[in-house]
Amino acid sequence: MTALKDNIPADARASDQKIIISVDAMGGDRGPAAVVAGISRSAKKNAQIAFLLHGPKDTLEKLVAKRKPLAGRVEIRDAADVVTMDDKPSQVMRHGKGTSMWSAVDAVRAGEATVCVSCGNTGALMALSMVRLRKLPGVNRPAIAILWPSRNPQGFNVMLDVGADIRADAQDLLQYAMMGSSYARNGMGLERPRVGLLNVGTEEHKGRAELKEAHDLISEVAERANIEFVGFVEGGDIPGDKCDVIVTDGFTGNVALKTGEGTASLIGDLLKAAFKFSPLSRLAAVLAYTSMQRLKKRIDPRRVNGGVFLGLNGTVVKSHGSADAMGVSAAVKLAFQLARSGFSDKLAARVASATALPQDAQKSADTASQNGT
C-alpha cells in the first residue's frame, strides 16, 4: 500500500481522512468499463478517495489510462478470473481464489482498504465476505441494508434484511435494529433514529411469535440504545415518515425490495405511455419536462445504489449488477461516507450492545424483584 499512497497527488494526500476503497472491477452486467467510469466520477468529485482495483491487469490498465481523474489514484491488483452471476456460492468458495471478487474482499481483510465495493453475484459476495471477513462476535446472521426512497426529510429510510438470510429469530431482529440504527446514524446523520418492526398490522397482538418477542426486546433496550422504537409498522410505512429504520427478515425484505423495484419500473412505463397518448399529452409532457426531470432524479435508483453488508469484520457495499457509471459512483460515495465515519468500529460496538443491553435489563429486573420494587 505504500506505493499507492506515494502515487496519490498532493491534494489527495493533504487530508488525514483519505480513504482507500477496494473495488471489484468485474462481475457487473456492464463490464469493467462502467466500473472504471464510475470510480473516475468519484475521483473527480472527491480528492480524499483512492482505489485498489481488482481484475485483469492488461484490461484495467487501458481503461484507467483513459481517465485523467484516476491518474495516480489507482493501484491495480491482477486477478484473471471472474465470478459470474450464474456461479453458485459453493463453487466460488471452492475455486474462486483467483477471482477479482475474492481479491477485493481480501484487501479489506488485510487492512489495505477500508471498504469493498462490488457489482457482482450477491450470494457469492455474501458467502465470501462471511468466510474471509468473519462475522462480528455475537452476530448470528449478517444482514443486507438498503436505502429506500421515503417521505422523511432525509429522503430515504434504511431497511434490513433484504436477502442475506431468509430466516431471523427475535434476537436476530434485535441485532438488525441495532445495526440499522448505527447505519442511519453514520450514513444519514440521524442522532436518534426511529425504528419500526415490519408486521402484518400495527397492533401488538398481531404477527408471529418471534415478532412479538422481538417487539419486547427492542422496547426494553430502546432508551439506553438511544433509539426511538415506534413498534410495529406495515408495508405502507416502508416509504413513509413514521420511522427511519425498518427491520424485517431477509425473505420478507427481499420480496418487498423486488416488488418496489418492479412497481417503480411499471409507473415509469405507464407515465411514458400516458404522455405519448395524444398530441395534447405530448405537449403536456413538454410543459412538464422540468418537473418530470426532478421526479426522475428523486426516484432514480442509481443515486442510492448500494446494499451494505452488516454484521461483518469489515464493510462491504453491494452495488446493483446492472449499475452504470452513475450507479457505481453512488456506491463508492456511500462506501466513502461509511469509511470516513469509522462505521465498522461503531457497528461492532452497537452489535455488542445488542447482546449486553437485554442482559442488563434482565439483571435490573431480577434485582428489582429481589428488592421488592
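As shown above, the structure is provided for reference.
Throughout this document, residue positions are counted from 1 along each chain, in the order its sequence is written. Per-residue local features are limited, in this predicted model, to residues with pLDDT of at least 70; the limit for side-chain atom pairs, both in listing and counting, is 80 or more; totals at the level of whole chains, interfaces and linings are taken over all residues. Side-chain calculation: all heavy atoms of the structure are included, whereas hydrogens and water are not.

**Points about the pairing of strand E5 (residues 143-149)**
What counts, and what does not: Only protein chains enter the accessibility calculation, which uses a 1.4 Å probe; a residue is then buried when its area is under 20% of its type maximum, exposed when over 50%, and partly exposed in between. Strands are runs of DSSP state E lasting at least two residues, helices are runs of H or I lasting at least four, and both sets are numbered from the N terminus onward. By definition, two strands form a pair when at least two bridges between them are found by DSSP.
Counting buried positions along E5 yields 6 of 7 residues, so the element is predominantly enclosed. Direction of pairing for E5 relative to strand E10 (residues 307-310): antiparallel, over a ladder of 3 bridges. Within E10, the position partnered with Ile144 by the bridge is Phe309. Across 5 bridges, E5 lies against strand E6 (residues 156-160) in antiparallel orientation. What sits directly across from Ile146, in E6, is Met159. Hairpin geometry of E5 and E6 is characterised by an intervening segment of 6 residues between the two adjacent antiparallel strands and by a positive phi of about 90° at Gly155.

**A few points about the packing of aromatic side chains**
The condition that has to hold: Here is the rule: rings of Phe, Tyr and Trp (six-membered ring for Trp) pair when centre to centre is within 6.5 Å. Planes less than 30 degrees apart are stacked, more than 60 are edge-to-face, and the remainder are tilted.
If you walk through the whole model with that rule in mind, you get 1 aromatic pair. Geometrically, the ring pair formed by Tyr183 and Phe343 is tilted, given 6.1 Å between the ring centres and 55° between the ring planes. Of the two residues, Tyr183 sits in helix H8 (residues 170-188) while Phe343 sits in helix H14 (residues 343-370), which places them 160 residues apart along the sequence. The same class applies to Tyr183 and to Phe343, which are both buried.

**A word on helix H4 (residues 57-65)**
Counted only if it meets this: This arc describes the spread of directions from the helix axis toward the C-beta atoms. Contacts were defined at the residue level, with two residues in contact if any of their heavy atoms lie within 4.5 Å.
Of all the residues in H4, the buried ones are Leu60, Leu63 and Val64. Across the axial projection of H4, the buried residues extend over an arc of 95°, all falling on one side. Opposite the buried face of H4, by more than 90 degrees, sit the exposed residues Asp58, Lys62 and Ala65. For H4, the elements touching its buried residues are helix H3 (32-45), strand E2 (49-55) and strand E3 (74-78).

**A word on helix H6 (residues 100-109)**
Residues that lie three or four places apart on an α-helix share one face, since the helix turns once every 3.6 residues. Here H6 lies mainly inside the structure; 8 of its 10 residues are buried. Taken residue by residue, H6 has Ser100, Met101, Trp102, Ser103, Ala104, Val105, Ala107 and Val108 as its buried positions. Where H6 ends, the next residue or the one after it, Gly111, has phi of about 80°, a positive value.

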